[in-house]
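# Descriptive structure summary
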Amino acid sequence: MEVIREPKVKLVGLTQFRKPDDVCWETDTDVDGQMLVEYAGRMCYQSWANPSGRSNEAYLTNLLEQGHLSVLEHSSATFSISGVSRSLTHELVRHRHLSFSQLSQRYVSEETAAMVLPPAIAEDPEAVAVWEEACKAAQDSYKKLYDLLRARYKHVEDRTLRRKMARQAARSVLPNCTETQIVVTGNFRAWRWFIHMRATEHADVEIRALAVAILKHLQREAPSVFKDFELLNLPDGTEAAQSKHPY
């Protein structure tokens, strides 16, 4: 049984901006997502001239300080996430302004699924032994149920449907720590809220690690939008993040 201890996060999509030919406006950034946010804000007031020479960073910082965040919703980022548990994704999908595509347990066999080890258990060898025993028992039960149900549905001519019928019932015995994969898209405002809620030291340790990993990606790709989040090193060796700005 493969045991996973940390999430894997890949940035797979990011907003591109195309300035309209009929708009006489220049900015000092080449970050598409940040350009689009500034463009949307300036469009509202037709403030293309920018006589004060305000930089894109200064413009976005003012938006954050004033709490004018609706323009952040025009730029988005998409992440491909693996090495996370079903416990985590049950919390993740509660963020309704994000969009999700998750691995199907009806279609994909979980006979050799990896398991995500909670950090609290990882610190205690005795707890790890109990956890591993429970995971292996669940996987054994899954395999037995799948074989029994596939035999029961042997009269179903469609082989794909037959497998799905067996797996959708057998998956009921799998633990919440079963590893899953998910693609998540969100606009910058939605990602800020997710990080605000899930990167806090009070959040579940696993989803906090995911939120911090996503924040680090976004701080590289759109620094002016996410620079206000400060990374914190906690006494237990994990990381958290916080920001003073409104959401």
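We now turn to the structure provided with this report. Numbers given to residues run from 1 along each chain, matching the order in which its sequence is written. pLDDT decides what is reported in this predicted model: residues at 70 or higher carry local features, side-chain atom pairs at 80 or more are listed and counted, and totals for whole chains, interfaces and linings draw on all residues regardless. Values reported for side chains reflect all heavy atoms of the structure, with hydrogen atoms and water molecules removed beforehand.

It is worth spelling out the overall build of the protein chain at this point. A run of DSSP states H or I qualifies as a helix once it reaches four residues; a run of E qualifies as a strand once it reaches two. Both are numbered from the N-terminal end. Secondary structure summary: the protein chain contains nine helices and eight strands in total. The globule rule used for comparison is 2.2 Å times the number of residues to the exponent 0.38, while the radius of gyration itself is calculated over C-alpha atoms. The C-alpha radius of gyration computed for the protein chain amounts to 23 Å, which surpasses the reference 18 Å derived for 247 residues by more than 25%, pointing to a less compact arrangement than a globule. Taking the principal axes of the C-alpha coordinates as reference, the protein chain spans close to 75 × 50 × 20 Å. Residues counted as buried form 43% of the 247 residues belonging to the protein chain. Contacts spanning at least 24 positions in sequence make up 71% of the contacts within the protein chain whose residues lie at least 6 apart. Note on areas: Shrake-Rupley, 1.4 Å probe, and residue coverage restricted to the protein chains presented here. In the form shown here, the protein chain has an accessible surface area of approximately 13800 Å², with 48% of it arising from carbon and sulfur atoms. Taking the 31 positively charged and 33 negatively charged side chains of the protein chain as two groups, their mean positions are separated by 8 Å. Note on classification: 1.4 Å probe, protein chains only; a residue is buried when its accessible area is under 20% of the maximum for its type, exposed when over 50%, partly exposed between these limits. Only heavy atoms enter the contact rule, under which two residues are in contact if any of them lie within 4.5 Å. Only four residue types enter the tally: Lys and Arg on the positive side, Asp and Glu on the negative side, with His and both chain ends excluded. To locate a charge, take NZ of a lysine, CZ of an arginine, CG of an aspartate or CD of a glutamate.

Glancing now at the packing of helix 7 (residues 188-198) against helix 8 (residues 205-221). Geometry is summarised by axes, namely lines fitted to C-alpha atoms with helices restricted to the contacting stretch, and by angles between N-to-C directions that run from 0 to 180 degrees. Put simply, helix 7 and helix 8 touch, their axes get as near as 9 Å, and they point 140° apart. Here helix 7 is positioned oblique relative to helix 8, judged by the angle of their axes. Crossing hand, helix 7 versus helix 8: left-handed. Touching Phe188, Trp191, Phe194, Ile195 and Arg198 of helix 7 are Ile207, Arg208, Leu210, Ala211, Ile214, Leu215 and Leu218, all from helix 8. Residue polarity is assigned by list, with Asp, Glu, Lys and Arg as charged and Ala, Val, Leu, Ile, Met, Phe, Trp, Tyr, Cys and Pro as nonpolar; anything else, Gly included, falls into the polar class. Residues of the contact of helix 7 with helix 8, tallied by class, amount to 10 nonpolar, no polar and two charged. In these notes the angle categories are as follows: under 35 degrees is roughly parallel, over 145 is roughly antiparallel, 65 to 115 is roughly perpendicular, and the rest is oblique. Less than a right angle of anticlockwise turn of the near helix away from the far helix marks a crossing as left-handed, whereas a clockwise turn marks it as right-handed.

All of the buried residues along helix 7 are Phe188, Ala190, Trp191, Arg192, Phe194, Ile195 and Arg198. The opening residue of helix 7, the one whose side-chain oxygen lies 3.0 Å from the backbone nitrogen of arginine 189, is asparagine 187. Within 3.5 Å is the distance limit for a polar contact, defined as a pair of N or O atoms, with the added protein rule that one can donate a hydrogen and the other accept it, and that residues adjacent in sequence qualify only through two side-chain atoms.

This paragraph deals with a nonpolar patch on the surface. Patch definition: residues above 30% relative accessible area lacking any salt bridge, with like charges linked at up to 9 Å and the nonpolar side chains Val, Leu, Ile, Met, Phe, Trp and Tyr linked at up to 5 Å. Take a side-chain nitrogen of Lys or Arg and a carboxyl oxygen of Asp or Glu: if they are within 4 Å of each other, that pair is a salt bridge. Together, Leu145, Leu148 and Val173 make up an exposed nonpolar region whose accessible area comes to about 230 Å². When you line up the elements, valine 173 lands in the loop between helix 6 (159-170) and strand 6 (179-187). Look at valine 173 and you get partly exposed, because its relative accessible area is 31%.

In spatial order, the strands read 2-3-6-4; together these four strands make up an open sheet with antiparallel pairing. Each edge of the open sheet carries a strand with a single partner, namely strand 2 (8-14) and strand 4 (98-102). Sheet twist, expressed as the mean angle between neighbouring strand axes with direction ignored, is 20°. For two strands to be treated as a pair, DSSP must find no fewer than two bridges joining them. Both strand 4 and strand 6 contribute to a ladder of five bridges, which runs antiparallel. Bridging across to strand 6, phenylalanine 100 finds its partner in valine 184. Helix 8 rests against strand 2 and strand 3 (76-85) of the sheet, and its axis sits at about 150° to strand 3.

In this analysis, the expected span of each helix is defined as 1.5 Å times one less than the number of residues it contains. Its 12 residues place the ends of helix 6 17 Å apart at the C-alpha level, agreeing with the 16 Å of an ideal helix rising 1.5 Å per residue. Along helix 6, the residues that are buried comprise Arg162, Ala166, Arg167 and Ala170. Buried residues in helix 6, looked at end-on, bunch into an arc of 120°, giving them a common side. Residues of helix 6 that are buried in the fold lie against helix 5 (125-152). Looking at where helix 6 begins, the residue whose side-chain oxygen comes 3.0 Å from the main-chain nitrogen of threonine 160 is aspartate 158. Comment: arc refers to directions from the helix axis out to C-beta atoms.

Turning to unusual backbone geometry, a few remarks are in order. Located in the positive-phi region is glutamine 46, a residue other than glycine, with phi close to 50°. Within the secondary structure layout, glutamine 46 lies in the loop between helix 1 (32-45) and helix 2 (56-66). Look at glutamine 46 and you get exposed, because its relative accessible area is 53%. One non-glycine residue with positive phi stands out, namely asparagine 50, at about 50°. In this structure, asparagine 50 sits in the loop between helix 1 and helix 2.

Time to look at the nonpolar core. For this analysis, a nonpolar core means a set of buried residues of the types Ala, Val, Leu, Ile, Met, Phe, Trp, Tyr and Cys, connected via side-chain atoms within 4.5 Å. Residues Trp191, Phe194, Ile214, Leu218 and Phe226 are the most contacted members of the largest nonpolar core, which totals 38 residues. Contributions of two or more residues to this core are made by helix 1, helix 2, strand 3, helix 3 (86-92), strand 6, helix 7, helix 8 and helix 9 (223-226). Looking at which element gives the most residues to this core, the answer is helix 8, with seven residues. Excluding its chain neighbours within four sequence positions, the residues that come into contact with isoleucine 214 are Val9, Phe79, Ile81, Trp191 and Phe194. In this structure, Tyr146, Leu149, Val156 and Ala166 belong to the second largest nonpolar core, which totals eight residues.

By themselves these figures say nothing about function.
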